[in-house]
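Analysis of the macromolecular model
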Amino acid sequence: MLRKSKKILAVILSVLTLFAMLSVAAGAVATKAEETYPVVYISGYSGNLYTDKYDINSEKIYPTGVDIGARVKEALVPCLAELALGAATDNYDSYCDALYEAVAPIYDDLRLNPDGTVKDNSGNKFNPESNFGISYAKYDCGEVYVYHDWRISPLTLAEELDVIIDKVIAKTGKDKVNLLGRCFGSNVVSSYIQIFGSEKVNKAVYYVPSTLGIGLIGSIFSGHLDINAKNIDLYVQELTKYENIIEDGMIKDFINVMLSIFEQATILDFGVDALDKLLDKISSNLIPRLVRTSYGSFPSFWSMVPDEYFADALEFVYNTDELKEEYIGTIELITAYHDEVQKNAFDSLQSGAVESFVISKYNLPSAPLFGRNNPNSDAVAEVKYTSFGATAAEYGTRLTEDYIAAMPEEALAFLSLDEKIDASTCAVPERTWFIKNSYHDHFPESIDRLINKMLTTDGFTVFDEEYPQFLDADVTAETLTPVTEKDIDIPKPGSDDEKFTVLFNFIKFVIKLIVELFGKLSVKA
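Parameters at a glance
Residues numbered from 1 in each chain as written. Predicted model: local features only at pLDDT ≥ 70, side-chain atom pairs only at ≥ 80, totals over all residues. Heavy atoms only, no water. Helix = DSSP H or I, 4+ residues; strand = E, 2+ residues; numbered from the N terminus. Buried < 20%, exposed > 50% of the residue type's maximum accessible area, 1.4 Å probe, protein only. Areas by Shrake-Rupley, 256 points an atom, 1.4 Å probe, with all protein chains shown as cover. Phe/Tyr/Trp six-rings, centres within 6.5 Å; stacked < 30°, edge-to-face > 60°. Lys NZ or Arg CZ within 6 Å of the ring centre and 35° of its normal. Pairing = 2+ DSSP bridges. Axes fitted to C-alpha atoms, helices over the stretch in contact; angles between N-to-C directions. Core = buried A, V, L, I, M, F, W, Y, C linked by side-chain atoms within 4.5 Å. Contact = heavy atoms within 4.5 Å. Right-handed = clockwise from strand over helix to strand, strands pointing away. Salt bridge = Lys/Arg side-chain N within 4 Å of Asp/Glu carboxyl O.

**Describing the overall build of the protein chain**
Secondary structure summary: the protein chain contains 19 helices and 14 strands in total. Within the protein chain, the proportion of its 525 residues that are buried is 58%. Accessible surface computed for the protein chain: about 20,900 Å², of which carbon and sulfur atoms make up 51%.

See below:
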């Protein structure tokens, strides 16, 4: 009875507070902006890379037309005998050595130098002296697309972005631009504002930002990996509903490498618990080497290691004094982003120096490669990071009645009606939107229209009638509608007898999915 009474009280308070907040918002009506500014769009992990970054006719090193996931799977075949030997002797050192020697050469052309610089002038350089057009395909104020060498430090890319902004200002006659960062592109936007301030920036939009990190990458880089059968089941239930759910190539390839290793283990009938123990045995030997020789050579990937994982990740990947000396350049670059940008990002948004808007996504499970919890996410990045601080219930659950009852009265206006998200704890709750059931790479015209309104409207907030804070995405119809009711069905995992079958089917599914999550966490324009 007491629980029911508290529930009723919470609902009443929510309704009353919502009306109060709407009344306040009505006093500051959003209006069409008198002056608009062009959008500089910074992509995530997309864009071609060349042997000569200034010559697009030079040999392409990414994408090469060769499937990285398929190459990894092929390279693992000769390692199967070493894996069987390891299972028999409980010593996997030979397997780790064989696997490393098989996988490392795949990244020879992409790998950066130990000091964090590109090899042999490779990459993708936006040439500020070239002519470029301003498109009006998406936004009323016009947009310029910036593709970059997504391997290097976002602080370095911010320096390049400043040159591009000056070019856009000179071409348009405007004194400012709007910045739109998608996923890793948001790390560049945050870095730019940290270095150059707000002088040339009118507004900033962070679309599923990785400024604060992605738990999956933090877990792998720090060695905190944990296979959990329940979370595998939930992940499969949701992700099999969508096609091409992970289109961002580099992240897709990253996960593909990990899951290819796990798939090989299932050939020898490793169950979930045995696979977890195998991971414990090989992680300290194998994973630091693989990280250093592949994605860990990219300062960009290190910028997606959350603060709570960072210290452990540095120690795990660079685990000897000799390695710390050899990779001192890379360590300095990644520490600079962590200390100067990531740790200050929340406060920077709250300061209001730049009017900023955030779009986060929720109601999909996290990749089941880390932790026995299951953070609410967009199937790649967790809500607590992409929203700059929202409090989210774990996937498949709601915030507890006790939590809701303890929320301050003024915070209830930022509670989602499905009781999964408390947005009051965000850096900018009044300008942070949450798209439900939309996966990380989903970027339909309906979201473009929301962004367009952000950029061309003065006083735009989550109390807008057309675009309230919580929106439900229909990925088939490509529409956004307000979240109006609680979920009827809470996903439940299968029985214990189904765990191994689920794992095996999951890995087969993800190999296809991941040829696309590590190599392509890329963002379409």
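**Some thoughts on the packing of aromatic side chains**
In total, this model carries 22 aromatic pairs according to the counting rule given. Note on tryptophan 302 and tyrosine 318: the rings are 5.8 Å apart at their centroids and 20 degrees apart in plane angle, and the pair reads as stacked. In this pair, tryptophan 302 sits in helix H11 (residues 299-302) while tyrosine 318 sits in the loop between helix H12 (307-317) and helix H13 (321-326), placing the two residues 16 residues apart along the sequence. Exposure class is identical for tryptophan 302 and tyrosine 318. Each is buried. Across the ring face of phenylalanine 443, the terminal group of lysine 138 is positioned such that the distance to the ring centre comes to 4.9 Å. The ring of phenylalanine 357 carries arginine 431 above its face, with NZ or CZ at 5.9 Å from the centroid.

**Quick look at the sheet that holds strand E5 (residues 143-146)**
Taking strand neighbours across the sheet as the criterion, the 8 strands line up as E5-E2-E6-E7-E8-E11-E13-E14 in an open arrangement whose pairing is mixed. The two strands at the open ends of the sheet, each matched to only one other strand, are E5 and strand E14 (479-482). Sheet twist, expressed as the mean angle between neighbouring strand axes with direction ignored, is 20 degrees. Judged from the 4 bridges that link them, strand E13 (residues 470-474) and E14 form a sheet pairing that is antiparallel.

**Some details on the nonpolar core**
With 86 residues, the main nonpolar core has Leu179, Phe221, Trp302 and Tyr318 as its most contacted residues. For tryptophan 302, the residues in contact, after removing those within four places along its chain, are Phe221, Gly296, Phe310, Ala313, Leu314, Val317, Tyr318 and Ile334. The next biggest cluster of nonpolar side chains, apart from the first, holds 36 residues, and it includes Tyr207, Ala413, Phe434 and Met454.

**Some words on the pairing of strand E7 (residues 201-207)**
In terms of burial, E7 is a largely internal element, 6 of the 7 residues being buried. The pairing of strand E6 (residues 177-182) with E7 spans 5 bridges and is parallel. Paired with leucine 180 across the two strands is valine 205, which belongs to E7. Of the crossover connections in this fold, the one passing from E6 over helix H6 (residues 184-196) to the parallel E7 is right-handed. Relative to strand E8 (residues 355-362), E7 is paired through 5 bridges, and the arrangement is parallel. By the bridge assignment, lysine 203 is partnered in E8 with glutamate 355.

**A look at the environment of methionine 407**
Of note, methionine 407 is situated in the loop between helix H17 (401-406) and strand E10 (421-422). Sequence spacing of methionine 407 and aspartate 422 is 15 residues, and the spatial spacing of their C-alpha atoms is 9.0 Å.

**Here's the deal with the pattern of salt bridges**
With the rule as written, the count across this model stands at 14 salt bridges. Across the pair aspartate 108 and arginine 111 runs a salt bridge, and its minimum N-O distance is 3.0 Å. Salt bridges here are not isolated pairs; linked through shared partners, they connect Asp162, Asp166 and Lys200.

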